[in-house]
Amino acid sequence: MSDSTVTESEGREDVAVPRAVTGEGGRGLLGRLRHPRRPRLWFEILLIALSYWIYSLIRNAVPEQRSAALRNADWIWRTEHQLGIAVERAVNHAVNSVSWLIVGMNYYYATLHFVITLGVLVWLYRWHPGRYAATRLALFATTGVALVGYYLFPLAPPRLMRDGRFVDTVMVHHTWGSMASGDLKHMSNQYAAMPSMHIGWSLWCGLTIFALASVPWARVLGLLYPATTLLVIVATANHFWLDAVGGMLCLAFGAAVARLWYGALPHALPRRVPVRAPEPAQAPSP
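About the criteria used
Residues numbered from 1 in each chain as written. Predicted model: local features only at pLDDT ≥ 70, side-chain atom pairs only at ≥ 80, totals over all residues. Heavy atoms only, no water. UniProt positions renumbered as here; feature names shortened; annotations may be inferred. Helix = DSSP H or I, 4+ residues; strand = E, 2+ residues; numbered from the N terminus. Core = buried A, V, L, I, M, F, W, Y, C linked by side-chain atoms within 4.5 Å. Buried < 20%, exposed > 50% of the residue type's maximum accessible area, 1.4 Å probe, protein only. Contact = heavy atoms within 4.5 Å. Axes fitted to C-alpha atoms, helices over the stretch in contact; angles between N-to-C directions. Parallel < 35°, antiparallel > 145°, perpendicular 65-115°, else oblique. Left-handed = near helix turned anticlockwise from the far one by under 90°. Patch = residues over 30% accessible without salt bridge, like charges linked within 9 Å, V, L, I, M, F, W, Y side chains within 5 Å. Areas by Shrake-Rupley, 256 points an atom, 1.4 Å probe, with all protein chains shown as cover. Salt bridge = Lys/Arg side-chain N within 4 Å of Asp/Glu carboxyl O. Arc of directions from axis to C-beta.

Student: Is there a simple way to explain the UniProt feature "transmembrane region" (unreviewed entry) in the protein in this structure?
Tutor: UniProt feature "transmembrane region" (unreviewed entry): in the numbering of this structure it lies at residues 41-58, 107-125, 137-153, 191-213, 220-238 and 244-262. Within the segment residues 41-58, helix and strand shares are 100% and 0% respectively, and the terminal C-alpha atoms sit 26 Å apart. Helix and strand shares over residues 220-238 are 84% and 0% respectively, and the end C-alpha atoms of the span are 26 Å apart.

Below, the structure written as structure tokens:
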């Protein structure tokens with residue numbers, strides 16, 4: 001996205017900053033931390049790399065609890081039948097019958113989750129530095145609370161259910177990249193399906209683009225991305241519909257954390273970091 005895709009004419013861009021955000025009402029370290037500042041590239045690269053490493057380490061260190069995960073999968077499947085939304089298997093089989101489509105979805109699942117999320121972070125860093133820290137905090141809080149879900153509610157994906165008759169599309173079509181199938185499955189917790197961070201992250205990306213982009217086609221693509229991701233995670237038998245609901249709830253938590261910390265939702269903050277006027281010099285004593 002270029003500079004032409006961002007909103008330029010918002011009346012609140014560089015004025016009317018929420019009082020809680022400016023730091024005027026708070027002094028010291030806490031006040032400075034809650035004040036939007038221009039992000040530093042080296043720090044952001046280090047922070048994102050370290051945070052993802054810690055997230056992966058904790059996620060994969062959570063006990064797999066296979067028996068509990070399979071019981072929970074059976075419970076989710078029964079619950080969805082009661083709600084009348086248990087159509088994952090029909091979607092999985094229908095899309096799997098079109099080889100080029102399901103292969104494309106396999107690669108979508110394995111790659112765009114990371115590529116689009118990093119792309120949006122770079123876009124925010126370059127064009128919305130005043131909103132970057134708050135939006136990044138929402139993403140980090142979303143991801144952090146997901147770890148609680150993995151620990152408290154281990155869940156097998158549909159493709160690993162007993163007698164679920166789902167197709168593991170990565171195994172069947174021999175595509176690469178999934179951390180949940182093939183040779184890479186030993187590097188990832190197989191039973192961390194609830195909540196779905198494919199949905200949590202894609203919805204974060206989509207809503208961020210929709211809120212901040214000014215070009216209509218970019219805003220439409222922003223909304224289409226999480227919708228397409230929802231179809232992909234179901235078609236590849238990696239998640240239930242209710243896993244997506246879990247991802248949405250995690251994002252709501254992340255947005256609430258950012259709102260409480262900065263005093264406003266990220267899109268309501270100034271696009272540019274306000275320049276703080278230097279303090280007037282004190283007159284010398286006579």
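Additional details are given in the paragraphs that follow.
Student: Help me understand the nonpolar core in this model?
Tutor: One finds Val 120, Trp 123, Leu 124, Tyr 150, Met 197 and Trp 204 to be the most contacted residues of the largest nonpolar core, which totals 39 residues. Counting only elements with at least two residues in this core, the list comes to helix 5 (88-96), helix 6 (99-127), helix 7 (129-152), helix 9 (197-212), helix 10 (216-235) and helix 11 (241-262). Per-element tally for this core: the top contributor is helix 6, with nine residues. Setting aside its immediate chain neighbours within four residues, Val 120 contacts Trp 204, Cys 205, Thr 208 and Ile 209. Membership of the second largest hydrophobic core comes to 16 residues, among which are Ala 69, Leu 155, Ala 156 and Met 161.

Student: Teacher, can you tell me more about the environment of Val 122 here?
Tutor: Summarising the element assignment, Val 122 is placed in helix 6. A C-alpha to C-alpha distance of 10.0 Å links Val 122 and Glu 44, two positions 78 residues apart in sequence.

Student: Can you help me understand the packing of helix 7 against helix 11 in this one?
Tutor: For any two helices packed against each other, the geometry is given by the interaxial angle and the distance between the axes. Two numbers describe how helix 7 lies on helix 11: the axes approach to 7 Å, and their chain directions differ by 135°. Comparing their axes, helix 11 and helix 7 come out oblique. Where helix 7 crosses over helix 11, the handedness of that crossing is right-handed. Residue-level inspection shows Ala 133, Ala 134, Leu 137, Ala 138, Ala 141, Thr 142, Val 145 and Ala 146 of helix 7 in contact with helix 11, the latter providing Cys 250, Leu 251, Phe 253, Gly 254, Ala 255, Val 257, Ala 258, Trp 261 and Tyr 262.

Student: Any chance you could explain a nonpolar patch on the surface here in plain terms?
Tutor: Nonpolar side chains collect at one region of the surface, where Leu 50, Trp 53, Ile 54, Leu 57 and Ile 58 lie side by side and expose about 480 Å² of accessible area between them. On the secondary structure map, Trp 53 appears in helix 3 (residues 41-61). Under the relative-accessibility criterion, Trp 53 is labelled exposed at 52%.

Student: Where do I start with helix 5 in this structure?
Tutor: Because each turn of an α-helix spans 3.6 residues, side chains separated by three or four positions in sequence point in the same direction. Buried within helix 5 are the following residues: Glu 88, Val 91, Asn 92, Val 95 and Asn 96. Projected onto a plane normal to the axis of helix 5, the buried residues spread over an arc of 120° and lie on a single side. Of the surrounding secondary structure, the elements contacted by the buried residues of helix 5 are helix 4 (66-83), helix 6, helix 8 (169-173), helix 10 and helix 11.

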